[in-house]
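The lines below spell out each chain.
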Amino acid sequence: MCGIIGIVATQDVAAQLYDGLTVLQHRGQDAAGIATADGTHLRVHKGNGLVRDVFDAGSMRQLEGRVGIAHCRYPTAGSEGLDEAQPFYVNSPYGIALAHNGNLINTDALRREVFEQDRRNVNTESDSEVLLNVFAHELDLQKALTPEAVFRALEGVNRRAKGGYAVVTAVLGLGLVAFRDPHGIRPLVLGKRSTAGGDEYAVASESVALDILGFERLRDVAPGEALVVTARGELFTRQCAPPQQHAPCIFEFVYFARPDSMMDEVSVHKARMRMGVKLGEKILRLRPDHDIDVVIPIPDTSRDAALEIANVLGVKYREGFIKNRYVGRTFIMPGQGQRAQSVKRKLNPIPLEFRNRVVLLVDDSIVRGTTSRQIVQMAREAGARKVYLASAAPPVRHPNIYGIDMPSADELIAHGRSEEEIQQLLGCDWLLYQDLADLEEAVSGPKQLIAHFDSSCFNGEYVTGIEPGYFERIRQLRSDEAKKSRRVS
Ligand SMILES: O=P(O)(O)OC[C@H]1O[C@H](OP(=O)(O)OP(=O)(O)O)[C@H](O)[C@@H]1O
Ligand SMILES: NC(=O)CC[C@H](N)C(=O)O
Ligand SMILES: [Mg+2]
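Residues numbered from 1 in each chain as written. Chains lettered and ligands numbered in written order. Predicted model: local features only at pLDDT ≥ 70, side-chain atom pairs only at ≥ 80, totals over all residues. Heavy atoms only, no water.

Enquirer: Hey, could you go over unusual backbone geometry for me, with residue numbers and the actual values?
Expert: A cis geometry characterises the amide bond from S92 onward to P93, with omega recorded as -5°. Assignment of secondary structure puts P93 in the loop between β5 (88–90) and β6 (96–104). Cis geometry is found at the peptide bond from P299 to D300, where omega equals 5°. Residue position: D300 is located in the loop between β16 (294–297) and α10 (303–313). At Y94, a residue that is not glycine, the phi angle is positive and equals roughly 70°. Relative to the helices and strands, Y94 is located in the loop between β5 and β6. (Helix = DSSP H or I, 4+ residues; strand = E, 2+ residues; numbered from the N terminus.)

Below you can see the structure in the form of structure tokens.
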């Protein structure tokens, strides 16, 4: 789930893109990059690692320009290597740099089309580079470089590309172009800042990036909508795909996004609190005479939900695990070995919060079970009398194909297993999952702001439709086993 941001300002934007990336870091830890356009040159700097490791004073100095885009990467296609770090660049037409959050599901077919019909070669395994070439070709077919021409080109892109995509591009001689897939699976938000020199605009995966840069959040980019901000700061917007069901990814609200972000008009923090309320109510329904002494979150993401569960149950909330702030998110690490090792380095219990107590551990989600398996064990070793585990999301039983790297169903602990079997595998005394209807209600909230979601990893329903054989192909390409063998060879 990568993070993207694009800015058009009245002064150089690289430093602001850098700051924006640092608050989107939780969306991708493998690589980062910035591209800027200064009228005659597009400059790109990218590398593997965290934002703070990729850039130094020298690389920042050469990123001149008042139009720019940036990306932090969590791979869902290709390798974790530098070749596939973003932004990508093509020199024709005009010079275009592109950064993409999401995942295309017709990459193979598009790559062939791009090569055979559009006569463009894509040298990496990245779906995003294929997407850039489709955009470049469609723009090449237009006879001018105007917002109108870009919108026509994007109608072509939306006809050809299938999957989840929120995209920012810098087009030399024009400015910033941003667009969101016709179902709005991936998030994208627009902000504005007025200065003495004129209006400035930014688009980003999450509103937190706008907040810290002092942009006012105007609105979300609509599904299928595109916008152009010229280098002079003029904003043009247009719907570039026929209307489709809006289906934002529910996992953004469960895990990916920062709680201080607003997404599709919903506060992620409030959505997570409502998840906690629903789960607390479910506990009271199933076990009105429960014996829970204390509710303990598995930090970070589960905190909002855990606090509300404790409130509903009327029991204590305690921070029983201390998180090492220098270890990143484990779920978005590329290999299972790395993920498993990091849980121990990341979380350590405070035994006095566990000793002789019946503890309810809360996590936002249980995906591969890497975290919860170890945490349940740690809670027992710290002296808990009984260990219960509640997940603010339902069992994850199906692959995600729109930008979260869960390509292989058999790596998911809940795939093909009953809740009793999962409980046994995790080693807890009671395992409780949120119901999907409750989760969807929790996110859409009392105002029912979102009618449909991409909840595919919970219910196996894929809003774009799926080609036969697709799952087997991505399993072969992207399972942990496949990735490991690629790393060795
Ligand atoms: O079942 P698993 O495969 O372990 O995946 C689920 C876990 O991974 C995530 O935590 P992560 O450490 O990535 O981030 P966080 O600190 O934001 O909770 C998520 O919050 C769960 O704790
Ligand atoms: N998580 C994402 O958004 C990934 C973007 C793109 N598919 C890549 O692998 O680089
Ligand atoms: Mg976690």
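Enquirer: Quick one: what's the story with the sheet that holds strand β20 (residues 358–363), residue by residue and with numbers?
Expert: Spatially, the 5 strands line up as an open sheet ordered β17-β16-β20-β21-β22, and their pairing is parallel. Both edges of this open sheet fall to β17 (316–317) and β22 (430–433), since each of them pairs with a single strand only. The sheet contacts of helix α12 (residues 370–381) involve β20 and β21 (386–391), and relative to β21 the element is tilted by about 155°. Here helix α13 (residues 419–426) sits on the sheet in contact with β21 and β22, set at roughly 125° to β22. (Pairing = 2+ DSSP bridges. Contact = heavy atoms within 4.5 Å. Axes fitted to C-alpha atoms, helices over the stretch in contact; angles between N-to-C directions.)

Enquirer: Tell me about the site of ligand 1, and name the residues and values.
Expert: Around ligand 1, the structure places 18 residues, and the nearest of them are Y255, T301, K346, D364 and T371. One of the backbone N or O atoms of D300 is found 3.1 Å from an oxygen atom in ligand 1. Within the backbone of V367, a nitrogen or oxygen atom sits 2.8 Å from an oxygen atom of ligand 1. The fraction of the free accessible surface of ligand 1 (500 Å²) that becomes covered by protein chains is 97%. The residue inventory of the shell around ligand 1, partitioned by class, reads 5 nonpolar, 6 polar and 7 charged. (Near = heavy atom within 4 Å. Polar contact = N/O pair within 3.5 Å; in protein donor to acceptor, adjacent residues only side chain to side chain. Areas by Shrake-Rupley, 256 points an atom, 1.4 Å probe, with all protein chains shown as cover. Nonpolar A, V, L, I, M, F, W, Y, C, P; charged D, E, K, R; others polar.)

Enquirer: Could you give an account of the packing of helix α9 (residues 268–286) against helix α14 (residues 436–444), naming the residues involved and the relevant values?
Expert: Running from amino to carboxyl end, α9 crosses α14 at an angle of 145°, the nearest separation of the two axes being 8 Å. Regarding α9 and α14, the two cross each other, and that crossing is right-handed. Touching A271, R274, M275, K278 and R285 of α9 are D438, L439, E441, A442, V443 and S444, all from α14. Considering only residue class, the contact of α9 with α14 consists of 5 nonpolar, 1 polar and 5 charged. (Left-handed = near helix turned anticlockwise from the far one by under 90°.)

Enquirer: Go over the domain arrangement of the protein chain, please, and point to the residues and values.
Expert: Each assigned domain of the protein chain is listed here: domain 1 (3–247) and domain 2 (266–323 + 341–462). Computed over C-alpha atoms, the centres of domain 1 and domain 2 are 34 Å apart. Facing 13 residues of domain 1, the contacting portion of domain 2 comprises 8 residues. Regarding the contact of domain 1 and domain 2, the summed buried area is about 910 Å², with carbon and sulfur atoms giving 59% of it. Run the count over domain 1 and domain 2 and you get 0 salt bridges. At the junction of domain 1 and domain 2, the tally comes to 5 residue pairs in polar contact (both at pLDDT 80 or more). Here the residues of the side of domain 1 that touches domain 2 sort into 5 nonpolar, 7 polar and 1 charged. (Domains from an automatic or database assignment. Buried area = accessible area lost by both parts, 1.4 Å probe. Salt bridge = Lys/Arg side-chain N within 4 Å of Asp/Glu carboxyl O.)

Enquirer: An account of the environment of R339 is needed here, citing residue identities and associated values.
Expert: Along the chain, R339 turns up in helix α11 (residues 336–346). Look at R339 and you get buried, because its relative accessible area is 3%. Measuring from C-alpha to C-alpha, the distance between R339 and V315 comes to 32 Å, with 24 residues separating the pair along the chain. If sequence neighbours within four positions are ignored, R339 has contacts with T330, F331, M333, P334, R368, T370 and D480. Engagement of the side chain of R339 in a polar contact is seen with the backbone oxygen of M333, the distance being 3.0 Å. (Buried < 20%, exposed > 50% of the residue type's maximum accessible area, 1.4 Å probe, protein only.)

Enquirer: Go over the sheet that holds strand β3 (residues 42–48) with me, naming the residues and quoting the values.
Expert: Ordered by their spatial adjacency, 7 strands build an open sheet running β3-β2-β4-β1-β10-β9-β11, and the pairing between neighbours is antiparallel. Single-partner strands in this sheet number two, and they are β3 and β11 (216–220). Each strand axis lies, on average, 15° off the axis of its neighbour in the sheet, ignoring direction. Here 7 bridges tie strand β2 (residues 31–37) to strand β4 (residues 67–73), and the two strands are oriented antiparallel to one another. Bridged to A37 within β4 is V67. Strands β1 (3–8), β2, β4 and β9 (189–195) of the sheet are contacted by helix α1 (residues 14–22), whose axis makes an angle of about 155° with β2.

Enquirer: I'd love a proper account of the UniProt feature "binding site: Mg(2+)" (unreviewed entry) in the protein chain, names of residues and values included.
Expert: What UniProt calls "binding site: Mg(2+)" (unreviewed entry) maps, in this numbering, to T301, D363 and D364. For this annotated set, covering 64 residues, all C-alpha atoms fall within 7.5 Å of each other, a compact arrangement in space. Here T301 lies in the loop between β16 and α10. Dropping the residues within four chain positions of it, T301 is found in contact with V254, Y255, R272, R329 and D364. By the element assignment, D364 lies in the loop between β20 and α12. Among all residues touching D364, those that are not within four sequence positions of it are V254, Y255, T301, S302, S391, A392 and A393. There is a polar contact of 2.8 Å between the side chain of D364 and the side chain of S365. (UniProt positions renumbered as here; feature names shortened; annotations may be inferred.)

Enquirer: So what's going on with the site of ligand 2? Residues and values would help.
Expert: Every one of the 15 residues lining ligand 2 counts as a neighbour, but M1, C2, R73, G102 and D127 are closest to it. Note that an oxygen atom of ligand 2 is positioned 2.7 Å from one of the backbone N or O atoms of G102. Considering ligand 2 on its own, with 300 Å² of exposed area, one finds that the protein chains cover 100% of that surface. Looking at the shell around ligand 2, the elements with two or more residues in it are β6 and α5 (127–141). When its residues are assigned to classes, the shell around ligand 2 shows 5 nonpolar, 8 polar and 2 charged.

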